[in-house]
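Report on the structure
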Amino acid sequence: MTPHHRPSAGLFISFEGIDGAGKSSHIDGLADAFAARGRTVCRTREPGGTPLAEKLRTLVLQDAMDPLTEALLVFAARRDHLRTVIEPALARGEVVLCDRFTDATFAYQGAGRGFDLRVLEALEDWVQRDEAGTVRQPDLTLWFDLPPATAAERLAGARLPDRFESQPEDFFRRVAAGYAARALAAPQRFARLDAAATRDAVAAEVASMVAARGWLPLPEAAA
């Protein structure tokens, strides 16, 4: 596949999946791979990524609220994150690796909580549209697809769960379905990974997906 970004251009890669899908270690691995090629990497997360957005994250994860309030706080955090971290980093030609982005809002607040997708679509357009009229989306979304039952096993006893991690398995089934719907709507952006596979197998799949875009070389096969 012909790369559609110049080497000096910024790249925006998001990591998505239900809680327990194991995204974090693969964000570390991809950050190291880009850094080894001389790229400056901006690793960030949502909700969060800025002092203001981190405060809003704490509210969203810990305080009870209705779905509209929740969605408004998430998008307020995203607006600050875009303006102060993501867009400046991309303008400098950095690689932005973000643990969750807007797809998570559609999966969790939309599918999981059953909130009106039309409202989320309006907020997405409003918050993410830049001065040139483009709605900012990741260049690639790595979707760590994991059966909700497996996720529940991984999360059991790991740590004190937040307001989302403590939801019943049925909630995560809806969230997983929400991710599947987003992937179906944007197949050119999404790359699905089997997060139930071994860590090494998933890491190899991540490397392959990024190499297929021409952004990194394929890792050499082990001797």
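Up top is the structure these notes are about.
The structure contained in this document is the topic of the report that follows. (Residues numbered from 1 in each chain as written. Predicted model: local features only at pLDDT ≥ 70, side-chain atom pairs only at ≥ 80, totals over all residues. Heavy atoms only, no water.)

Here we look at the packing of aromatic side chains
- Scanning the model with the defined rule gives six aromatic pairs in all.
- Ring centres of Phe-12 and Phe-101 lie 5.0 Å apart, and the angle between their planes is 80°; this geometry places the pair in the edge-to-face category. Taken as a pair, Phe-12 in strand 1 (residues 11-16) and Phe-101 in the loop between strand 3 (95-99) and helix 4 (102-112) lie far apart in primary sequence, 89 residues in all. Like Phe-12, the residue Phe-101 is buried in the burial classification.
- Against the face of Phe-101 rests Arg-78, its NZ or CZ located 5.2 Å from the ring centre.
- Positioned above the aromatic ring of Phe-106, the side-chain terminus of Arg-182 is 3.9 Å from the ring centre. (Phe/Tyr/Trp six-rings, centres within 6.5 Å; stacked < 30°, edge-to-face > 60°. Helix = DSSP H or I, 4+ residues; strand = E, 2+ residues; numbered from the N terminus. Buried < 20%, exposed > 50% of the residue type's maximum accessible area, 1.4 Å probe, protein only. Lys NZ or Arg CZ within 6 Å of the ring centre and 35° of its normal.)

Remarks on the pattern of salt bridges
- Under the criterion given, the structure shown has 15 salt bridges.
- Residue Glu-87 pairs with Arg-136 through a salt bridge whose shortest N-O separation is 2.9 Å. Here Glu-87, found in helix 3 (residues 67-91), pairs with Arg-136, found in the loop between helix 5 (117-128) and strand 4 (140-145); they are 49 residues apart in sequence, far enough to count as distant.
- On the basis of relative accessibility, which here comes to 22%, the residue Arg-136 falls in the partly exposed class.
- Close ionic contact of Asp-103 with Arg-189 constitutes a salt bridge, the shortest N to O distance being 2.8 Å. Here Arg-189 lies in the loop between helix 7 (169-185) and strand 5 (190-194) and Asp-103 lies in helix 4, a separation of 86 residues in the sequence. For the pair Asp-103 and Arg-189, a shared accessibility class is recorded, and that class is buried.
- One continuous salt-bridge network, built from bridges that share partners, spans Asp-103, Glu-124, Arg-182 and Arg-189. (Salt bridge = Lys/Arg side-chain N within 4 Å of Asp/Glu carboxyl O.)

Quick look at the side chain of His-26
- Relative to the helices and strands, His-26 resides in helix 1 (residues 23-36).
- In this structure His-26 touches Phe-15, Phe-144, Arg-199, Val-202, Ala-203 and Val-206, once residues within four positions along its chain are discounted. (Contact = heavy atoms within 4.5 Å.)

As for the nonpolar core
- Ile-13, Phe-15, Leu-30, Phe-34, Leu-97, Leu-142 and Phe-144 are the most contacted members of the largest nonpolar core, which totals 21 residues.
- Mapped onto this core, the elements with two or more residues apiece are strand 1, helix 1, strand 3, strand 4, strand 5 and helix 8 (199-212).
- For this core, the element with the highest residue contribution is helix 1, accounting for four residues.
- Among the nonpolar cores identified, the runner-up in size contains 17 residues, and Phe-75, Val-85, Phe-115 and Val-127 belong to it. (Core = buried A, V, L, I, M, F, W, Y, C linked by side-chain atoms within 4.5 Å.)

Section: the packing of helix 3 against helix 5
- One can describe the packing of helix 3 onto helix 5 by two numbers: an axis separation of 10 Å at closest approach and a directional angle of 20°. Here helix 3 lies roughly parallel to helix 5, going by the angle between them. In this structure, helix 3 meets helix 5 at a crossing whose hand is right-handed. Of helix 5, the residues touching helix 3 (which contributes Leu-68, Ala-71, Leu-72, Phe-75, Arg-78, Arg-79 and Leu-82) are Val-119, Leu-120, Leu-123, Glu-124, Val-127 and Gln-128. (Axes fitted to C-alpha atoms, helices over the stretch in contact; angles between N-to-C directions. Parallel < 35°, antiparallel > 145°, perpendicular 65-115°, else oblique. Left-handed = near helix turned anticlockwise from the far one by under 90°.)

Comments concerning the layout of surface pockets
- Roughly 270 Å³ of volume is contained in the second largest pocket.
- Looking at the second largest pocket, it is lined by 14 residues, and the ones nearest its centre are Gly-29, Leu-30, Ala-33, Ala-203 and Ala-207.
- Among the elements of the structure, helix 1 and helix 8 are those that each provide at least two residues to the lining of the second largest pocket.
- In terms of residues, the lining of the second largest pocket owes the most to one element, helix 1, which gives five residues. (1 Å grid on protein atoms, 1.4 Å probe; cavity = no way out; pocket = protein on both sides within 12 Å on 5 of 7 lines; lining within 4 Å. Points joined across faces, edges and corners; volume = space filled by probe spheres on them.)

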